[in-house]
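Each chain, written out:
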Amino acid sequence: MTAHIIDGKAFAAQVRARVADQVAMLKDQHDLTPGLAVVLVGEDPASQVYVRSKGKLTVEVGMASFEHRLDAGTPQSDLLALIARLNADPEIHGILVQLPLPSHIDSDLVINAIDPAKDVDGFHISNVGLLGTGQKSMVPCTPLGCLMMLRAHHGSLSGMNAVVVGRSNIVGKPMAQLLLGDSCTVTIAHSRSKDLPAICRGADILVAAVGRPEMIPGDWVKPGATVIDVGINRVAHGDKTKLVGDVHFESAAQVAGAITPVPGGVGPMTIACLLANTVTAACRAHG
Ligand code: GUN
């Protein structure tokens, strides 16, 4: 069997087209231009790539993009002062502080300084609590993108066994909450889980978000399962590098019913969902 390849790139283009229509309508009918501020502290190369890409796509859908690039040595108090200004700025509806932050900065403190209504990452403790209790919240972009692809592929997810490998606040935990909200039976597994292969083999839906290149081989995948690969790992490839996921794609694609590729799977959906969250924030702010 060869798996259906879930085309995240094409799906993300559709989501962005819908966002662009909504932005045009907000401008036309409400004189409202959604604005997204992205804050990058330091020069982490991967973060720079993401931030550039976010800025470009924000402008492409017709929204206003505000980029703040700060030195790696920026004091925490300066970053907090910037967030306070962005919170108070009516032209800004979404604020994203790119993670990871330099080690002298307390990431939790910074994230929780963002106005929860502008927290388009969904990382603020209020949004985490709202999501966990099934209330209206900002939903973290990567898990939201994964859920959209799963719903599009399966329709209903009700009753399915979902295994999320990885317990990060950014992906693993909110992903599990979203799957639970769609009535899956959810297991969160991680590097310390006993007999991880057996846990994975029980999954109808397997979400890999561990950040270890090609850690999950095909023989951990249940025949016909849907595999969502959140990993983006740069590895050596001859004298160059290439991107691989947390799943060993070639072997998993022989067993799975459907699988997301890396690149071109979850990655593009993350930014599309960020743009969608910014429109949602702008609409809520406008009343
Ligand atoms: N770094 C890696 N992924 C993310 C994300 O989704 N949001 C932010 N703010 N930083 C990240």
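Residues numbered from 1 in each chain as written. Predicted model: local features only at pLDDT ≥ 70, side-chain atom pairs only at ≥ 80, totals over all residues.

By the naming in an unreviewed UniProt entry, the protein chain goes by Bifunctional protein FolD and is assigned to Roseinatronobacter thiooxidans. The UniProt entry for the protein chain carries the following text under Pathway (unreviewed entry): "One-carbon metabolism; tetrahydrofolate interconversion." (UniProt positions renumbered as here; feature names shortened; annotations may be inferred.)

Caption draft 1: How the structure looks around the overall build of the protein chain. If you tally the helices and strands in the protein chain, you get 10 helices and 11 strands. Taking 19 Å as the expected radius of gyration for a compact globule of 287 residues, we find that the protein chain reaches 19 Å, a close match to that expectation. On the principal axes, the C-alpha backbone points of the protein chain span a range of 50 × 45 × 40 Å. Counting only residues that meet the buried cut, the protein chain has 44% of its 287 residues in that class. (Helix = DSSP H or I, 4+ residues; strand = E, 2+ residues; numbered from the N terminus. Rg over C-alpha atoms; globule rule 2.2 N^0.38 Å. Buried ≥ 20, exposed ≤ 12 C-beta atoms within 10 Å, placed from the backbone.)

Caption draft 2: Region of the structure containing the pairing of strand 10 (residues 240–244). The sheet contact formed by strand 9 (residues 233–237) and strand 10 spans 5 bridges and is antiparallel. Paired with Val 235 across the strands is Lys 242, a residue of strand 10. A loop of 2 residues connects strand 9 with strand 10, the two strands running antiparallel in sequence, and Gly 238 in this loop sits at a positive phi of about 60°. (Pairing = 2+ DSSP bridges.)

Caption draft 3: Fine view of the packing of helix 6 (residues 141–154) against helix 10 (residues 266–286). Direction vectors running N to C along helix 6 and helix 10 enclose 110°, while the axes themselves pass 8 Å from each other. Relative to helix 10, the element helix 6 lies roughly perpendicular. Here Cys 141, Thr 142, Leu 144, Gly 145, Cys 146, Met 148 and Met 149 of helix 6 come into contact with helix 10, specifically with Val 266, Met 269, Thr 270, Ala 272, Cys 273, Leu 274 and Asn 277. When grouped by side-chain class, the residues that make up the contact of helix 6 with helix 10 number 10 nonpolar, 4 polar and no charged. (Axes fitted to C-alpha atoms, helices over the stretch in contact; angles between N-to-C directions. Parallel < 35°, antiparallel > 145°, perpendicular 65-115°, else oblique. Contact = placed C-beta atoms within 7 Å. Nonpolar A, V, L, I, M, F, W, Y, C, P; charged D, E, K, R; others polar.)

Caption draft 4: Representation of the sheet that holds strand 1 (residues 4–5). If you walk across this open sheet you meet the 6 strands as 1-11-8-7-5-6, and the pairing is parallel. Taken across any chain shown, the strands that pair with only one partner, and hence form the sheet edges, are strand 1 and strand 6 (185–189). As paired elements, strand 1 and strand 11 (residues 258–259) share 2 bridges and run parallel to each other. From the neighbouring strand, Ile 5 faces strand 11, where its bridge partner is Ile 259. Packed onto the sheet, helix 6 meets strand 7 (205–208), strand 8 (226–229) and strand 11 and runs at close to 160° relative to strand 8.

Caption draft 5: Representation of the site of the ligand in the model. All residues in the neighbourhood of the ligand are listed as Leu 96, Val 97, Gln 98, Leu 99, Asp 121, Cys 141, Thr 142 and Ile 170. Looking at the shell around the ligand, the elements with two or more residues in it are strand 4 (94–97) and helix 6. When grouped by side-chain class, the residues that make up the shell around the ligand number 5 nonpolar, 2 polar and 1 charged. (Near = placed C-beta within 6 Å.)

Caption draft 6: Here's a closer look at helix 1 (residues 8–30). For helix 1, which comprises 23 residues, the first-to-last C-alpha distance of 32 Å matches the rise-based estimate of 33 Å (1.5 Å per residue) to within 8%. Looking at the buried positions of helix 1, the neighbouring elements they touch are helix 6 and helix 10. Where helix 1 ends, the next residue or the one after it, Asp 31, has phi of about 50°, a positive value. (Expected span 1.5 Å × (residues − 1).)

Caption draft 7: Inspection of helix 2 (residues 45–60) at higher detail. Counted at 1.5 Å a residue, the expected span for helix 2 with its 16 residues is 22 Å, and the 23 Å between its end C-alpha atoms agrees. Looking at the buried side of helix 2, the elements it contacts are helix 1, strand 2 (35–41), strand 3 (64–70) and helix 10. Phi for Gly 62, located one or two positions after helix 2, is positive at around 95°.

Caption draft 8: The arrangement of the UniProt feature "binding site: NADP(+)" (unreviewed entry) in the protein chain in detail. Those residues carrying the UniProt feature "binding site: NADP(+)" (unreviewed entry) are Gly 166, Arg 167, Ser 168 and Ile 232 in this numbering. Along the polypeptide, Gly 166 turns up in the loop between strand 5 (161–165) and helix 7 (172–181). Setting aside residues up to four positions removed in sequence, Gly 166 forms contacts with Val 171, Gly 172, His 190, Ala 209 and Val 210. Along the chain, Ser 168 turns up in the loop between strand 5 and helix 7. Overall, Ser 168 belongs to the partly exposed group, with 17 C-beta atoms counted inside 10 Å. Every residue in contact with Ser 168, bar those within four places of it in the chain, is listed here: Lys 173 and Ala 209.

Caption draft 9: Quick peek at the packing of helix 1 against helix 10. Relative orientation of the contacting elements helix 1 and helix 10 amounts to 20°, with a least axis distance of 8 Å. Classed by the angle they form, the pair helix 1 and helix 10 counts as roughly parallel. Crossing of helix 1 against helix 10: the hand is left-handed. Contacts between helix 1 and helix 10 pair Gly 8, Lys 9, Phe 11, Ala 12, Val 15, Arg 16, Val 19, Gln 22, Val 23, Leu 26 and His 30 from the former with Val 266, Gly 267, Pro 268, Met 269, Ala 272, Leu 275, Ala 276, Val 279, Ala 282 and His 286 from the latter. Tallied by class, the residues present in the contact of helix 1 with helix 10 amount to 14 nonpolar, 5 polar and 2 charged. (Left-handed = near helix turned anticlockwise from the far one by under 90°.)

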